[in-house]
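Coordinate analysis (summary)
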Amino acid sequence: MPPIKGQNILIIGGFSGIGAAVKKIRGAVPNATSGGGGGGGLFGITRGLVLDLLPIRTNLVSLGAMNTEMLREGEGREQLPQIMAKSSLTGKTGTSEEVAEAYIYLKKDTNTTESCVSTSGGALVQSAENINFG
């Protein structure tokens with residue numbers, strides 16, 4: 001079945017992959033090579049799909065740290081959202097509702113394709129040496 005005009009694909013990428021990729025480009029991040037490769041690959045996949053799947057719109061949502069049960073699950077992880085919030089320029093971790101808004105935007109704006117909406121609290125613009133996970 002040929003693509004139908006108005007369809008779109010939204011790709012999701014996590015902070016550990018895309019964040020590491022962006023930080024690798026701007027400055028090295030220790031022990032982030034595999035995550036950086038995966039995240040950087042999502043940018044390339046998104047751009048390639050834009051051309052391969054015309055007229056379907058293809059966009060990427062890049063997530064930062066999200067305060068969800070998954071982030072807090074596991075021994076010693078209860079404080080992880082607060083620790084990660086320290087590295088965010090907004091001083092907090094994101095919520096699933098905020099991520100949903102990014103998806104809604106990309107779904108509604110029919111003139112958007114090959115875009116990356118970052119919901120990372122500004123953590124990606126910091127240099128690696130300014131990130132404080134402790």
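What this report covers is the structure whose coordinates are included nearby.

Parameters at a glance
Residues numbered from 1 in each chain as written. Predicted model: local features only at pLDDT ≥ 70, side-chain atom pairs only at ≥ 80, totals over all residues. Heavy atoms only, no water. Core = buried A, V, L, I, M, F, W, Y, C linked by side-chain atoms within 4.5 Å. Buried < 20%, exposed > 50% of the residue type's maximum accessible area, 1.4 Å probe, protein only. Helix = DSSP H or I, 4+ residues; strand = E, 2+ residues; numbered from the N terminus. Contact = heavy atoms within 4.5 Å. Salt bridge = Lys/Arg side-chain N within 4 Å of Asp/Glu carboxyl O. Pairing = 2+ DSSP bridges. Axes fitted to C-alpha atoms, helices over the stretch in contact; angles between N-to-C directions.

Section: the nonpolar core
- Residues Val61, Leu63, Met66, Val99, Ala102, Leu106 and Val117 constitute the largest nonpolar core, which totals seven residues.
- Residue assignment for this core shows that the elements contributing at least two residues are strand E2 (57-63) and helix H5 (96-108).
- Valine 117 has contacts with Leu60, Val61, Ser62, Ala102, Tyr105 and Leu106, leaving out every residue within four places of it along the chain.

Regarding the pattern of salt bridges
- Counted under the stated rule, the structure contains two salt bridges.
- In this structure, the salt-bridge partner of glutamate 98 is lysine 92, at a minimum N-O distance of 2.9 Å.
- In this structure glutamate 98 comes out as partly exposed when scored by relative accessible area, which is 32%.
- Using a relative accessible area of 39% as the deciding quantity, one classes lysine 92 as partly exposed.

Comments concerning the sheet that holds E2
- Read across the open sheet, the three strands follow the order E1-E2-E3; overall the sheet is parallel. What marks the edges here is a single partner per strand, and that holds for strand E1 (8-13) and strand E3 (116-119). Shown here is a sheet whose adjacent strand axes are inclined to one another by a mean of 20°, direction ignored.
- Where E1 lies against E2, six bridges are found, and the strand directions are parallel. Residue pairing in the sheet places isoleucine 11 in a bridge with leucine 60 of E2.

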